[in-house]
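Secondary and tertiary structure notes
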Amino acid sequence: MSQPKRIAIFISGGGSNARVMIDRFQQHPEDGVEVVLLVSNRTGAGGLLMAAERGIPSLVVKRADWATGEELLAALSAYRVDLIVLAGFLWLIPGYLVQAYPNRIVNIHPALLPKYGGKGMYGRHVHEAVKNAGDLESGISIHYVNENYDEGSIIYQAAVRLDPEDSPEKIAERVLRLEHGNYWRIVRDLYDATSGSEVHRDL
Ligand code: GAR
């Protein structure tokens, strides 16, 4: 088997997607993916403890470091990271990182992009917008990351039907279940050289 793909997961909060991925890849070495680093922009992020419990080293980036990228790029290089996986990470990815990891940064968005994307559209804000619009489906979008929020080319989308009476919390629950079932799988199957031009939609 070729060398495992070494990934860093970036989080800002609870890190349930990161947890699913870490557990999956630790229990299934045949997947050929190793989570080698967790990066958080918040010292209090719940995901930090979760990662520590699983023996995954972590790095907390501060605003000042983020601006230059010095410490972050050094850590990503020291851990020989091949792919960066954003999982509920809320800061905009700066140009130096996109340039250092071209087509090697992916994100998951909790809606069917291009709907409900862009600055300020994260977590419950997305699900409230879906509810307010009266949509009867939502879903997930996994995409490459460029320097604009939610605009990189789409790798994979999957939809989930909604009931008219679903609350934003219920929508969030349905969408998160879809994230947990798919994100690790798409990361496993992603080849470094893919351009992301092909769109898969599971409806
Ligand atoms: C996930 O639903 C993810 O799609 C969303 O944040 C949540 C993080 O949950 N990301 C965005 O909204 C990005 N715009 P988690 O910390 O439990 O994985």
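Look a little higher up for the structure.
None of these values were measured; they are calculated from a predicted model. (Residues numbered from 1 in each chain as written. Predicted model: local features only at pLDDT ≥ 70, side-chain atom pairs only at ≥ 80, totals over all residues. Heavy atoms only, no water.)

Moving on to the nonpolar core. The biggest cluster of nonpolar side chains holds 40 residues, and the ones touching the most others in it are Ile7, Ile9, Met21, Val85 and Tyr183. Here this core gets seven residues from one element, more than from any other, and that element is helix α7 (residues 168-189). Not counting residues up to four positions away in its chain, the partners in contact with Ile7 are Met21, Phe25, Val33, Glu34, Val35, Val36, Leu37, Val81, Leu83, Val85 and Val187. In this structure, Val36, Leu59, Val61 and Leu76 belong to the second largest nonpolar core, which totals 23 residues. (Core = buried A, V, L, I, M, F, W, Y, C linked by side-chain atoms within 4.5 Å. Buried < 20%, exposed > 50% of the residue type's maximum accessible area, 1.4 Å probe, protein only. Helix = DSSP H or I, 4+ residues; strand = E, 2+ residues; numbered from the N terminus. Contact = heavy atoms within 4.5 Å.)

As a further point, take the site of the ligand. The ligand sits among 13 residues. The nearest are Gly15, Ser16, Asn17, Gly123 and Glu179. Interatomic distance of 2.8 Å between a backbone N/O atom of Gly15 and an oxygen atom of the ligand. The contact in question runs from an oxygen atom of the ligand to an N or O atom on the backbone of Gly123, over 3.0 Å. Coverage of the ligand by the protein amounts to 85% of the 450 Å² it exposes when considered alone. When atom positions are compared with the pocket grids, the ligand is found to occupy the largest pocket. Among the elements of the structure, α1 (16-27), β5 (105-109) and α7 are those that each provide at least two residues to the shell around the ligand. Taken together, the residues that form the shell around the ligand break down as five nonpolar, seven polar and one charged. (Near = heavy atom within 4 Å. Polar contact = N/O pair within 3.5 Å; in protein donor to acceptor, adjacent residues only side chain to side chain. Areas by Shrake-Rupley, 256 points an atom, 1.4 Å probe, with all protein chains shown as cover. 1 Å grid on protein atoms, 1.4 Å probe; cavity = no way out; pocket = protein on both sides within 12 Å on 5 of 7 lines; lining within 4 Å. Sits in = over half its atoms within 2 Å of the grid points. Nonpolar A, V, L, I, M, F, W, Y, C, P; charged D, E, K, R; others polar.)

Counted under the stated rule, the structure contains four aromatic pairs. Aromatic side chains Trp66 and Trp91 sit 5.5 Å apart centroid to centroid with 55° between the ring planes, which places their arrangement in the tilted category. On the criterion of sequence distance, the pair formed by Trp66 in helix α3 (residues 63-68) and Trp91 in the loop between β4 (83-86) and α5 (95-100) is long-range, its members being 25 residues apart. For the pair formed by Trp66 and Trp91, the shared burial category is buried. Centroid distance Phe89 to Trp91: 6.4 Å. Interplanar angle 70°. Geometry classified as edge-to-face. Chaining the aromatic ring pairs together yields one cluster made of Phe10, Trp66, Phe89 and Trp91. (Phe/Tyr/Trp six-rings, centres within 6.5 Å; stacked < 30°, edge-to-face > 60°.)

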